[in-house]
Amino acid sequence: MPAPYGFETTATEVTNDFSSNIQGKAVLVTGVTPNSLGSHFVETIAAHSPSLIILASRTQAAMNITAAAIRTRSADVPIETVVVDLGSLASVRKAAATVLALKVRIDVLVLNAGLMASPYSKTVDGFESQFGICHLGHFVFGNTIIPSMLRPGLKPRVVVVSSEGHQLGPVRFTDPGFTDGQDYDKWRAYGQAKTANNLYAWSLAEKLGSKGLEAYSLHPGGIMTNLVKHIDMQGGDDVPKMLEVYRSVGSPLGFPEHIKNLKFKSHEQGTATHMVAAFADDFDANDNGKYLVDGHIATWDKVSPWARNSYDAERLWTLSESMVGEMYRFQGQQCKTK
């Protein structure tokens, strides 16, 4: 990479380094409401002449605000908008069909939308909401669009935004819905959803790496965005309960030395790793499917074992197909074990 990226690296720095890799690319991003990492991502890349930015979010009004912000960076960048509610598979399938109807080959797909530590609720289709929105909605959306991204000789890319919160716990394969809410813990549910994000990128790399697809998951950092709206950061028991869950699984994130050194990032710093995952061109072939932190491939101590192995990745893929009622068998896919 052009520079040893780290915690302080900004999205502007990374896009300046990889400007030529953004130019002429069609980029689709989910979760682009104002004050989100997704909106900051698209506003930043607009200055580097992508051929098209496709915004996908829950409301047209939110996308209109983000589209207006993009045009302040570059009035000439073409923009399309697609309404998608990731908590409704009918909406997800309709949105994916809308994208395909544009007849544009997407170069970079950024699955950025999410939900964090929310009270128990279900999606329209009856799934626990964090798992349903963060993973299952993106699983259907991505798997419907990705085949159209593949072309001989090209290297399309999928970026799945995860979190260090994956260390809160693995996928509960026998009970992803927390016994219909009876055993619900919003932090363990968040951990499950973010682990699923890591494993989805891992699966895509294994299934489609031989066809040129690159896929990465990432932790953007701790950033004050709309995502924390369900968390009392100033008092109450939200943070102590989160730390208790981290400690219960042996994660260093639950211990005092981590909290003492915890620093938050700005939006500029928070989207830097998005930019690396989406546009950097010097990843090693063995990096495909891996997880990034602070602008580089994370060392193994930053990734829980349940979020970085082929067995759990394939098990999640099969579970997800069963839950959404659709199988995805990409023509000519070749699987390998890392």
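How each quantity is defined
- Residues numbered from 1 in each chain as written.
- Predicted model: local features only at pLDDT ≥ 70, side-chain atom pairs only at ≥ 80, totals over all residues.
- Heavy atoms only, no water.
- Helix = DSSP H or I, 4+ residues; strand = E, 2+ residues; numbered from the N terminus.
- Buried < 20%, exposed > 50% of the residue type's maximum accessible area, 1.4 Å probe, protein only.
- Polar contact = N/O pair within 3.5 Å; in protein donor to acceptor, adjacent residues only side chain to side chain.
- Contact = heavy atoms within 4.5 Å.
- Expected span 1.5 Å × (residues − 1).
- Bend = angle between axes of the 7 residues up to and from the residue.
- Pairing = 2+ DSSP bridges.
- Axes fitted to C-alpha atoms, helices over the stretch in contact; angles between N-to-C directions.
- Phe/Tyr/Trp six-rings, centres within 6.5 Å; stacked < 30°, edge-to-face > 60°.
- Lys NZ or Arg CZ within 6 Å of the ring centre and 35° of its normal.
- Parallel < 35°, antiparallel > 145°, perpendicular 65-115°, else oblique.
- Nonpolar A, V, L, I, M, F, W, Y, C, P; charged D, E, K, R; others polar.
- Arc of directions from axis to C-beta.
- Salt bridge = Lys/Arg side-chain N within 4 Å of Asp/Glu carboxyl O.
- Core = buried A, V, L, I, M, F, W, Y, C linked by side-chain atoms within 4.5 Å.

Under an unreviewed UniProt entry, the name given to the chain is WW domain-containing oxidoreductase, and the organism recorded is Paraphoma chrysanthemicola.

(A) Inspection of the side chain of asparagine 288 at higher detail. Note on placement: asparagine 288 falls in the loop between α11 (272-279) and β7 (291-293). With relative accessibility at 11%, the residue asparagine 288 sits in the buried group. A polar contact of 3.0 Å, which involves the side chain of asparagine 288, links it to the backbone oxygen of leucine 213.

(B) A look at the side chain of glutamine 192. By the secondary structure assignment, glutamine 192 is in helix α7 (residues 186-208). Overall, glutamine 192 belongs to the buried group, its relative accessible area being 0%. With residues up to four places along the chain from it excluded, the contact list for glutamine 192 reads Glu128, Phe131, Gly169, Pro170, Val171, Arg172, Pro176 and Phe178.

(C) Up close: helix α6 (residues 129-149). Its 21 residues place the ends of α6 28 Å apart at the C-alpha level, agreeing with the 30 Å of an ideal helix rising 1.5 Å per residue. Taken as a whole, α6 carries its principal kink of about 30 degrees at histidine 138. In terms of residue burial, α6 counts as a mostly covered element, since 18 of its 21 residues are buried. At the N-terminal boundary of α6, the capping side chain belongs to glutamate 128, with an oxygen 2.8 Å from the backbone nitrogen of glutamine 130.

(D) Quick peek at the sheet that holds strand β8 (residues 296-297). Spatially, eight strands are ordered β3-β2-β1-β4-β5-β6-β7-β8 in an open sheet, and the strand pairing comes out mixed. Each edge of the open sheet is held by one strand with a lone partner, namely β3 (79-83) and β8. By the bridge criterion, five bridges tie strand β2 (residues 52-57) to β3 in an arrangement that is parallel. Bridge pairing links leucine 55 to threonine 81 in β3. Strands β1 (26-30), β2 and β4 (108-111) of the sheet are contacted by helix α3 (residues 37-45), whose axis makes an angle of about 160 degrees with β1.

(E) Representation of the packing of aromatic side chains. One pass over the structure, following the stated rule, counts nine aromatic pairs. Relative to tyrosine 184, the ring of tyrosine 120 lies with its centre 5.1 Å away and its plane at 65 degrees, an arrangement referred to as edge-to-face. With tyrosine 120 in the loop between β4 and α6 and tyrosine 184 in the loop between β5 (157-161) and α7, this pair connects stretches of sequence that are 64 residues apart. An aromatic cluster is defined as three or more aromatic residues linked by ring pairs; in this entry it consists of Phe139, Tyr200, Trp317, Tyr328 and Phe330. The aromatic ring of tryptophan 317 is capped on one face by lysine 207, whose charged end is 4.7 Å from the ring centroid. When the ring centre of phenylalanine 7 is taken as origin, the NZ or CZ atom of lysine 265, which lies over that ring, is 5.0 Å away.

(F) Quick look at the packing of α7 against helix α12 (residues 310-324). Two elements in contact, α7 and α12, have axes whose closest approach is 9 Å; the angle formed by their N-to-C orientations is 95 degrees. It follows that α7 is roughly perpendicular to α12 by the angle criterion. Along its contact with α7, which presents Ala196, Leu199, Tyr200, Trp202, Ser203, Leu204, Glu206 and Lys207, the element α12 presents Ser310, Asp312, Ala313, Glu314, Leu316 and Trp317. A breakdown of the residues in the contact of α7 with α12 according to their chemical character gives eight nonpolar, two polar and four charged.

(G) Fine view of helix α8 (residues 238-248). Listed as buried for α8 are Asp238, Met242, Leu243, Val245 and Tyr246. Down the axis of α8, the smallest arc covering the buried residues is 160 degrees, so these residues share one side. Packed against the buried residues of α8 are α7 and α9 (256-261).

(H) The arrangement of the pattern of salt bridges in detail. Overall, the coordinates contain eleven salt bridges when judged by the stated rule. Notably, a salt bridge pairs lysine 122 with aspartate 180, separated by 2.5 Å at the nearest N-O pair. You can see lysine 122 sitting in the loop between β4 and α6 and its partner aspartate 180 sitting in the loop between β5 and α7, a full 58 residues away along the chain. One salt bridge in this structure joins arginine 157 and glutamate 214, with 3.3 Å as the shortest N-O distance.

(I) Quick look at the nonpolar core. Core analysis: the largest hydrophobic core is formed by 51 residues, its most contacted members being Leu28, Phe141, Ile146, Val158 and Leu204. For this core, the element with the most residues is α6, which contributes ten residues. If we skip the residues at most four places from it in the chain, leucine 204 touches Asn143, Ile146, Val158, Gly209, Leu213, Ala215 and Trp317. Listed in part, the 34 residues of the second largest apolar core include Phe18, Val32, Ala272 and Ala278.

(J) Quick peek at the environment of serine 203. Considering the arrangement of structural elements, one finds serine 203 in helix α7. Between the C-alpha atoms of serine 203 and aspartate 312, which are 109 residues apart in sequence, the distance is 9.4 Å. Filtering out sequence-adjacent residues up to four positions away, serine 203 remains in contact with Ala313, Glu314 and Trp317.

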